[in-house]
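# Overview (structure and organization)
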Amino acid sequence: MLTIKKYAAIDIGSNAVRLLISSIIEQKDKPTKFKKASLVRVPIRLGADVFLNGEISEDNQQRMLDTMTAFKLLMKSHKIVKYKACATSAVREADNGKELVKLISKKAKIDIDIINGEEEAAIIAATDLHSYIKEDQTYLYVDVGGGSTEFSVIHHGNTVASKSFRIGTVRLLNDIVKKETWLELEEWIKTHTKGYDTIDLIGSGGNINKIFKISGKAMGKPLTYFYLTSYYNKLQTYSYEERITELELNQDRADVIIPATRIYLSAMKWSGAKDIYVPKIGLSDGIIKSVYYGTVSSINL
């Protein structure tokens, strides 16, 4: 007996807003399969408003409302049975974040949960990392966002430490990350990784996914610290315009990719990791799994 149903996840980040639609494939006596059916990404960059001015601008409020209205129609067309929408640091820190959530609920009929960094890290951890990692190794999982970055130490398949730091690509672009925050992150990574002989990084987020794609590496093979350093140095020799025209990066990727790479390289340096694995998973995937397994509340469409 085969059953297929579709779930949706909405990730409202500081740089972009995403709608992931996944097919849930259930077969008797076989593990459930999760297959990505569609991913829509809209680069609204809420963080640029919030981290500088403390609130979401009228223009971006309207763009959010338009985007959520479109997402609602797409979910209806896909015959989604359950969905969950999560907003992270930009909406969480905006003075008018809760008002925007109420407006979207009223006009677009989409209910949004504003989650904290620890909830975000827990949802990301719900992704099926076990199919990407070796059970007898230790990893530092790094999920870089626009407003914050989530770090988790995974030892022998278990998460032994997890923390969210207010260091993100949009914050770094606008030069509003304090030196003390970097020092706190360095101390946290060194403290929680020093007891292990070897450690590898697992990187998630749109920027490391893009770098991995550009590298031409086969899925499951890591990027080295040397490769990432070389690419980081290369990026900085190009202007923003050249990164778009010559490196063929999208305009909303061409600026944030540099601070994102800096975060990954810093994490590798402080943990002593020589390799970074890129399984192409993130918050959206975690939301789908969490909804399916009932670890978070969801809404029927």
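These remarks concern the structure in this document. (Residues numbered from 1 in each chain as written. Predicted model: local features only at pLDDT ≥ 70, side-chain atom pairs only at ≥ 80, totals over all residues. Heavy atoms only, no water.)

### Observations regarding the pairing of strand β6 (residues 138-144)
In the case of a regular strand, side chains alternate between the two sheet surfaces. Of all 7 residues making up β6, 7 are buried, and the element is well covered by its neighbours. Alternating residues of β6 divide into T138, L140, V142 and V144 and Y139, Y141 and D143, and every residue in both groups is buried. As defined by bridge partners, β6 adjoins strand β7 (residues 149-155) across 7 bridges and the pair is classed as antiparallel. For T138, the partnering residue across the bridge sits in β7 and is H155. Counting the residues that bridge the hairpin from β6 to β7 gives 4 residues. (Buried < 20%, exposed > 50% of the residue type's maximum accessible area, 1.4 Å probe, protein only. Helix = DSSP H or I, 4+ residues; strand = E, 2+ residues; numbered from the N terminus. Pairing = 2+ DSSP bridges.)

### Observations regarding the packing of aromatic side chains
How two aromatic rings sit relative to each other is given by the distance of their centres and the angle of their planes. Here the structure, examined in full by the defined rule, presents 10 aromatic pairs. Taken together, a centroid distance of 6.1 Å and an interplanar angle of 50° make the contact between F34 and Y293 tilted. Taken together, the residues F34 in strand β3 (residues 33-42) and Y293 in the loop between α12 (283-292) and β12 (299-300) connect sequence positions 259 residues apart. The partly exposed category is assigned to F34, whose relative accessible area is 25%. Overall, Y293 belongs to the exposed group, its relative accessible area being 52%. Looking at K163, its charged tip hangs above the ring of F165, at a distance of 5.5 Å from the centre. Sitting above the plane of the F51 ring, R171 keeps its charged end 3.9 Å from the centroid. (Phe/Tyr/Trp six-rings, centres within 6.5 Å; stacked < 30°, edge-to-face > 60°. Lys NZ or Arg CZ within 6 Å of the ring centre and 35° of its normal.)

### Examining the nonpolar core
Of all hydrophobic cores here, the largest spans 39 residues; its most connected members are L140, F151 and L228. Secondary-structure elements contributing two or more residues to this core are β6, β7, β8 (158-165), α7 (179-193), α8 (206-215), α9 (225-235) and α11 (257-271). Sequence-distant contacts of F151, that is, excluding residues within four places in its chain, are made with L140, Y141, V142, A161, S162, K163, F165, L185, W188, I189, I263 and A267. With 30 residues, the next largest nonpolar core counts F51, L65, A87 and I112 among its residues. (Core = buried A, V, L, I, M, F, W, Y, C linked by side-chain atoms within 4.5 Å. Contact = heavy atoms within 4.5 Å.)

### A few points about the pattern of salt bridges
Inspection of the entire model under this criterion finds 9 salt bridges. A salt bridge links R41 to D252, with the nearest nitrogen and oxygen atoms 2.6 Å apart. One end of the pair, R41, is in strand β3; the other, D252, is in the loop between α10 (240-245) and α11, and 211 residues separate them in sequence. Overall, R41 belongs to the partly exposed group, its relative accessible area being 27%. (Salt bridge = Lys/Arg side-chain N within 4 Å of Asp/Glu carboxyl O.)

### Quick look at unusual backbone geometry
Residues other than glycine seldom take positive phi values, yet K109 does so here, at roughly 60°. In this structure, K109 sits in the loop between α4 (97-107) and β5 (112-114). Judged by its relative accessible area of 51%, K109 falls in the exposed class.

### Structural notes on the sheet that holds β6
With mixed pairing, 6 strands are arranged side by side in an open sheet as β8-β7-β6-β9-β11-β10. Taken across any chain shown, the strands that pair with only one partner, and hence form the sheet edges, are β8 and β10 (223-224). Sheet contacts for α11: β6, β7, β9 (200-204), β10 and β11 (275-277); angle to β6, the most-contacted strand, approximately 160°. (Axes fitted to C-alpha atoms, helices over the stretch in contact; angles between N-to-C directions.)

### Description of the side chain of S89
Mapped onto the fold, S89 is located in helix α3 (residues 89-93). Those residues in contact with S89 that lie beyond four places of it in its chain are S14, F51, G147, S148 and R171.

### Description of the packing of α8 against α11
Look at α8 against α11: their axes get within 9 Å of each other, and the N-to-C directions meet at 90°. The pairing of α8 with α11 is recorded here as roughly perpendicular in orientation. Across from N207, I208 and I211 in α8, the residues of α11 making contact are I257, A260, T261 and Y264. For the contact of α8 with α11, the residue count by class is 5 nonpolar, 2 polar and no charged. (Parallel < 35°, antiparallel > 145°, perpendicular 65-115°, else oblique. Nonpolar A, V, L, I, M, F, W, Y, C, P; charged D, E, K, R; others polar.)

None of this, on its own, says anything about what the molecule does.
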